[in-house]
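Close look at the chain arrangement
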Amino acid sequence: MDITRLDPDDAAGCAEAVALLTATHKVDCPAAVVSTALGYQAHLTHGWDGDPGRVYLARDERGSVIGLLDFFAPNYDNLNLAWIEVEVHPDHRGQGLEDELIRYGEQLALDLDRHSLGIASWDLPDKDELIKRHGFEQKAVEVNRRQDIANLDWTTVQKLYDEAVLAAADYEVLRFVGAVPEELLEGMVAVTASINDAPKDDLDMEDDAISPERIRNYEKAREAHDETMYRVIARHRATGEPAGHTVVTVERERPHIGHQNDTAVSRDHRGHRLGALVKTAMLLWLREAEPALTQIDTWNAESNNHMIGINEQLGYFIVGRGIDYQKTI
């Protein structure tokens, strides 16, 4: 077996990686959304917000891709931490390749002086056994949920929006496609940083360090992924402060697929149903702006009862559960 780093400019290699992920997800979580080759190249070049990771492909003696290691060592914050994900083609599992890729990822982390290592996986018994065998402990559970836009109860959405408008009379709703206007950028740093209040459960992690530069890099990364970004902001009328927001991106290559990127409300403005306000305002907007959209995926910590409660009112259902593990190396 040969393990080599995948170059973002290697279009054929990215297509091979996507083919492998399609095969593994078909077994592990058939309903999960798998990136396109174009999206995967953007992932390797830009990451989520201008801080990309690395991907390594494992090939057999014939040169076929049979395994993949996704390695990420953040550079904005958590400089002691690295994350890995390991994928092995179903036809080649149970032969030690998974173990070799995990060890390879550990060595990459050590080479960068990262001594806290996390690994993410679908919630499956064989995955759990494999990962714990390498000394990892379960630290958090995340759930992938999907909203069925095609069959959404729009009467309920409108009712929730109208109720939220009444509760949030001191706030106005702003809508933007693409980058947030420069005059709101500084205020959006605090709103975006409110995501740090979401549960981390037992993960040993610092808060995300949010800055204007990081927000701009995130916006550029979404554009590089060929996604249209929709942002709804709740702004306090008296002070002009951004108080809460939600962001959904819609793939241009597959316009029926949307992704819930972030929803957050600043601590000083909670208790006014701003989360429900921005999420329902977003849906009503997307119904007009993206008529081909049929689904929106989101991820939440299983313990994030408040956000899950809002999502369930809006018709989200569970696609799959993911487990986050961590250990010191």
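Above this text sits the structure in question.
Residues numbered from 1 in each chain as written. Predicted model: local features only at pLDDT ≥ 70, side-chain atom pairs only at ≥ 80, totals over all residues. Heavy atoms only, no water.

**Let's talk about empty space enclosed by the protein**
A full pass over the atoms with the stated rule returns two cavities of 30 Å³ or more. The computed volume of the largest cavity comes to approximately 60 Å³. The wall of the largest cavity is formed by Gln147, Thr246, Val248, Gln260, Lys279, Met282, Leu283, Ile296, Leu314 and Tyr316. Listed by contribution, the elements that provide at least two residues to the lining of the largest cavity are strand 9 (242–251) and helix 8 (274–289). Ranked by the residues each element gives to the lining of the largest cavity, the list is headed by helix 8, at three residues. When the residues that make up the lining of the largest cavity are grouped by side-chain class, the tally is six nonpolar, three polar and one charged. Here the second largest cavity defines a volume of roughly 40 Å³. Lining of the second largest cavity is provided by Leu160, Arg273, Ala276, Thr280, Ile310, Gln313 and Leu314. Elements with a contribution of two residues or more to the lining of the second largest cavity: helix 8 and helix 9 (305–313). (1 Å grid on protein atoms, 1.4 Å probe; cavity = no way out; pocket = protein on both sides within 12 Å on 5 of 7 lines; lining within 4 Å. Points joined across faces, edges and corners; volume = space filled by probe spheres on them. Helix = DSSP H or I, 4+ residues; strand = E, 2+ residues; numbered from the N terminus. Nonpolar A, V, L, I, M, F, W, Y, C, P; charged D, E, K, R; others polar.)

**Remarks on the packing of aromatic side chains**
Scanning the entire structure with this criterion turns up four aromatic pairs. Taking the centre distance of 5.7 Å and the plane angle of 40° together, the rings of Trp48 and Tyr218 count as tilted. Of the two residues, Trp48 sits in the loop between helix 2 (37–46) and strand 2 (54–59) while Tyr218 sits in helix 7 (residues 212–224), which places them 170 residues apart along the sequence. Judged by relative accessible area, which is 44%, Trp48 ranks as partly exposed. Among the residues examined, Tyr218 registers a relative accessible area of 10% and is labelled buried. Seen in terms of ring centroids, Tyr230 and Trp285 are 5.0 Å apart; in terms of plane orientation they differ by 90°. Their pairing is edge-to-face. In this pair, Tyr230 is assigned in strand 8 (residues 227–236) and Trp285 in helix 8, connecting sequence segments 55 residues apart. Taking NZ or CZ as reference, Arg222 lies 4.3 Å from the ring centre of Trp48, over its face. Above the plane of the ring of Phe136 lies Lys327, whose end atom (NZ or CZ) is 4.7 Å from the centre. (Phe/Tyr/Trp six-rings, centres within 6.5 Å; stacked < 30°, edge-to-face > 60°. Buried < 20%, exposed > 50% of the residue type's maximum accessible area, 1.4 Å probe, protein only. Lys NZ or Arg CZ within 6 Å of the ring centre and 35° of its normal.)

**As for the pairing of strand 3 (residues 65–72)**
Across the eight residues that make up strand 3, a large majority, seven, are buried. As paired strands, strand 2 and strand 3 are joined by six bridges and run antiparallel to one another. In the strand pairing of strand 3, Arg59 is matched with Val65. Here strand 3 runs beside strand 4 (residues 81–88); their pairing, made up of six bridges, is antiparallel. Paired with Leu68 across the bridge in strand 4 is Glu87. (Pairing = 2+ DSSP bridges.)

**Comments concerning the sheet that holds strand 5 (residues 116–122)**
The mixed open sheet is built from twelve strands, whose spatial order is 1-2-3-4-5-12-6-11-10-9-8-7. Pairing within the sheet leaves two strands with one partner each, and these edge strands are strand 1 (2–5) and strand 7 (171–177). For this sheet, the mean angle separating the axes of adjacent strands, direction not counted, is 25°. Here helix 4 (residues 125–133) sits on the sheet and contacts strand 4, strand 5, strand 6 (137–148) and strand 12 (316–328); the angle it forms with strand 5, its principal contact strand, is near 165°. (Axes fitted to C-alpha atoms, helices over the stretch in contact; angles between N-to-C directions. Contact = heavy atoms within 4.5 Å.)

**Thoughts on the pairing of strand 11 (residues 295–301)**
With six of seven residues buried, strand 11 is to be regarded as a mostly interior element. The pairing of strand 6 with strand 11 spans seven bridges and is antiparallel. Counted as the bridge partner of Asp148 is Gln295 from strand 11. Of the pairings in the sheet, the one linking strand 10 (residues 257–265) to strand 11 comprises three bridges and is parallel in character. Each residue of the ladder has a partner; that of His259, found in strand 11, is Asp297. Each parallel crossover has a hand, and for strand 10 linked through helix 8 to strand 11 it is right-handed. (Right-handed = clockwise from strand over helix to strand, strands pointing away.)

**What about the nonpolar core?**
One finds Leu274, Met282, Leu283, Leu286, Ile296 and Leu314 to be the most contacted residues of the largest nonpolar core, which totals 30 residues. Among the elements of the structure, helix 5 (154–167), strand 8, strand 9, helix 8 and helix 9 are those that each provide at least two residues to this core. Broken down by element, this core gets its largest block of residues, ten residues, from helix 8. Once you skip the residues sitting within four places of it in the chain, Met282 turns out to touch Tyr230, Arg231, Val232, Thr246, Val247 and Val248. Membership of the second largest hydrophobic core comes to 24 residues, among which are Ala58, Val86, Ile119 and Ile131. (Core = buried A, V, L, I, M, F, W, Y, C linked by side-chain atoms within 4.5 Å.)

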